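Summary of the model geometry
Here's the letter readout for the chains.
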Amino acid sequence: MIIMKAEATEKEIANVVKEIKKYGLKADVSRGEFRTVIGLVGDERKIPFSHFAVLPGVKEAMMVETPYKLISKEYSKLFPEESEYRIIQVGNISIGGDEPVFIAGPCAVENRQQLFKIAEGIKKAGAHILRGGIFKPRSSVHSFQGLGANGREGAEEALSWLHEAGKRFEMPVITEVRGEMQVDLIAEYVDILQIGARNMYDQDLLGSVARKNKPVLLKRHFGAGIEEFLSFAEYIAAEGNKDIILCERGIIPVGKGRSYTRYTFDLAAIPAIQKETYLPILADPSHATGRRDLIFNTSCAAIAAGARGLMIETHYKPAEALVDGQQMITPDELKDVIEACQRIHRMIVSTNNKHESA
Ligand code: PEP
Ligand code: MN
């Protein structure tokens, strides 16, 4: 990491970037109000820090060991005049700001009427962002694969419904990108690109999604440790895109016997991750539990744990859904979840403030 002097000129910054490239690394230039910090992307052991420390305009040159330095709290602390947390603006919704954000909608987009009816319901319930899977990751080739599987025309039609529903009900929209081939097409229609748990490790996909310069929601793989999860988020940041929304969605336990939930909701990961990074962390109680009867309690728990928002699968008739009906709640139930979560959030924030000012 290279910290520039407050009075460093553009020419001096450019010179440092040029020097970094000479050693085969990339430079991540962050400009704050009072100083510029240049993060090094690549193997820092190749860098002669003593040489960089004496370049014109350089205040300090040092090695940073963590595998997720560009998204770390360490990095944001170098800009004390700015917020400690990143606020990601999508339309008029702020993710990571003062209020929790609720993403809701069907697991899969099935047809236009289903999507519009759900969109209307979740908007009335107080949701902020509309989700809907079009390219679905499925465990069996015999299950409904999402409308994205119906060739380019089918995919474009479903994407256009999602876009239209977002406009009609004034909500940004999000859908999952499952492969590199889908990136360009999906980016034309949605506001946030989602990387599913199964693809968290696909660094090529992370790179191509990042380069669209749209916010990316990255879900934690069910086998990934926290450090690993953050290390893969770093692949997005390394492309110069720091509009990354993290999402905890459950991990797999190692013991034998029934777990009674689809995955194990790692609630402690939420505040633990928030201590490590300035990026907002959301939670998905739907996929984490797989049970509609557990959504209310686990949503409240996730917000109490400090989640900046939730992603909840919603359907007006869960039993009719082609995918994940067992874990969907209705818009009426969503309204109760949102109201309870907002109350819990206010309580948590006021107690945190009390401790901070003490
Ligand atoms: C989803 O959100 O549609 C989904 C498939 O979730 P996950 O990637 O967490 O399994
Ligand atoms: Mn689902």
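My aim in this report is to walk through the structure given alongside it, one point at a time. (Residues numbered from 1 in each chain as written. Chains lettered and ligands numbered in written order. Predicted model: local features only at pLDDT ≥ 70, side-chain atom pairs only at ≥ 80, totals over all residues. Heavy atoms only, no water.)

1. A short note on the overall build of the chain
- A count of helices and strands for the chain gives twelve helices and 14 strands.
- The C-alpha atoms of the chain give a radius of gyration of 21 Å, which matches the 21 Å a tight globule of 358 residues would have.
- Projected onto the principal axes, the alpha-carbon positions of the chain cover approximately 65 × 55 × 45 Å.
- A burial count over the chain gives 55% of its 358 residues as buried.
- If you take every contact in the chain between residues at least 6 apart in sequence, the share linking residues at least 24 apart comes to 68%.
- With the model as given, the accessible surface of the chain reaches about 16,200 Å², and the carbon-plus-sulfur share is 50%.
- Averaged over its 46 positive side-chain charges, the chain has a centre that lies 2 Å from the centre of its 48 negative ones. (Helix = DSSP H or I, 4+ residues; strand = E, 2+ residues; numbered from the N terminus. Rg over C-alpha atoms; globule rule 2.2 N^0.38 Å. Buried < 20%, exposed > 50% of the residue type's maximum accessible area, 1.4 Å probe, protein only. Contact = heavy atoms within 4.5 Å. Areas by Shrake-Rupley, 256 points an atom, 1.4 Å probe, with all protein chains shown as cover. Lys, Arg positive; Asp, Glu negative; His and termini not counted. Charge placed at Lys NZ, Arg CZ, Asp CG, Glu CD.)

2. A short note on the packing of helix α7 (residues 203-210) against helix α8 (residues 226-237)
- Their axes nearest at 8 Å, the elements α7 and α8 cross at an angle of 40 degrees. Between α7 and α8, the interaxial angle falls into the category oblique. Note that α7 runs across α8; the crossing there is right-handed. Listed contacts from α8 to Gln203, Leu206 and Ala210 of α7 are Phe232, Tyr235 and Ile236.
- Grouping the constituent residues of the contact of α7 with α8 by class yields five nonpolar, one polar and no charged. (Axes fitted to C-alpha atoms, helices over the stretch in contact; angles between N-to-C directions. Parallel < 35°, antiparallel > 145°, perpendicular 65-115°, else oblique. Left-handed = near helix turned anticlockwise from the far one by under 90°. Nonpolar A, V, L, I, M, F, W, Y, C, P; charged D, E, K, R; others polar.)

3. A look at the sheet that holds strand β1 (residues 2-4)
- With respect to topology, four strands assemble into an open sheet ordered β2-β3-β1-β4, the strand pairing being antiparallel. Among the strands making up the open sheet, the edge pair consists of β2 (26-31) and β4 (58-61). Taking the axes of each pair of neighbouring strands and ignoring which way they run, one obtains an average angle of 20 degrees across the sheet.
- Pairing between β1 and β4: three bridges, direction antiparallel. Residue pairing across strands places isoleucine 3 opposite glutamate 60, the latter belonging to β4.
- Contacts from helix α1 (residues 10-22) reach β1, β2, β3 (36-41) and β4 within the one sheet, and its direction differs from that of β2 by about 155 degrees. (Pairing = 2+ DSSP bridges.)

4. Here's the deal with the site of ligand 1
- Around ligand 1, the structure places Arg131, Lys136, Pro137, Glu176, Gln194, Gly196, Ala197, Arg198, Lys219, Arg249 and His287.
- Within the side chain of glutamine 194, one N or O atom sits 3.0 Å away from an oxygen atom of ligand 1.
- One of the backbone nitrogen or oxygen atoms of alanine 197 is found 2.8 Å away from an oxygen atom of ligand 1.
- For ligand 1, the protein covers 97% of the area, taking 290 Å² as the surface of the free molecule.
- Residue composition of the shell around ligand 1, by class: two nonpolar, three polar and six charged. (Near = heavy atom within 4 Å. Polar contact = N/O pair within 3.5 Å; in protein donor to acceptor, adjacent residues only side chain to side chain.)

5. A short note on the packing of aromatic side chains
- Under the criterion given, the structure shown has five aromatic pairs.
- Look at tyrosine 201 and phenylalanine 232: their rings are 5.1 Å apart centre to centre, the planes differ by 85 degrees, and that puts the pair in the edge-to-face class. With tyrosine 201 in the loop between β10 (192-195) and α7 and phenylalanine 232 in helix α8, this residue pair connects regions lying 31 residues apart in the sequence.
- On the basis of relative accessibility, which here comes to 29%, the residue tyrosine 201 falls in the partly exposed class.
- Residues phenylalanine 222 and tyrosine 263 carry aromatic rings whose centres are separated by 5.4 Å and whose planes lie at 20 degrees to one another, so their mutual orientation is stacked. Here phenylalanine 222 is found in the loop between β11 (216-219) and α8, whereas its partner tyrosine 263 is found in the loop between β12 (244-248) and α9 (269-276), with 41 residues between them in sequence.
- An aromatic cluster is built from Tyr201, Phe232 and Tyr235, whose rings are joined through pairwise contacts.
- Across from the ring centre of tyrosine 263, 4.1 Å away, lies the NZ or CZ of arginine 249, which sits over that ring. (Phe/Tyr/Trp six-rings, centres within 6.5 Å; stacked < 30°, edge-to-face > 60°. Lys NZ or Arg CZ within 6 Å of the ring centre and 35° of its normal.)

6. Some remarks on unusual backbone geometry
- Despite not being glycine, asparagine 213 has its phi angle at roughly 55 degrees, a positive value.
- On the accessibility criterion, asparagine 213 (58% relative accessible area) is exposed.
- Here the phi dihedral of aspartate 324 falls at roughly 60 degrees; this positive angle occurs in a residue that is not glycine.
- The topology assignment puts aspartate 324 in the loop between β14 (309-313) and α12 (331-357).

7. Considerations on the pattern of salt bridges
- Enumeration according to the criterion identifies 22 salt bridges in this entry.
- Between arginine 31 and glutamate 10 there is a salt bridge; the shortest N-O distance is 2.9 Å. Here glutamate 10 lies in helix α1 and arginine 31 lies in strand β2, a separation of 21 residues in the sequence.
- Overall, arginine 31 belongs to the partly exposed group, its relative accessible area being 48%.
- Glutamate 10 sits in the exposed class, given a relative accessible area of 53%.
- The partner of aspartate 184 in a salt bridge is lysine 212, with the nearest N and O atoms 2.8 Å apart. Placement of the pair is aspartate 184 in helix α6 (residues 183-189) and lysine 212 in the loop between α7 and β11, with a sequence separation of 28 residues.
- Assessed through its relative accessible area of 32%, lysine 212 is described here as partly exposed. (Salt bridge = Lys/Arg side-chain N within 4 Å of Asp/Glu carboxyl O.)

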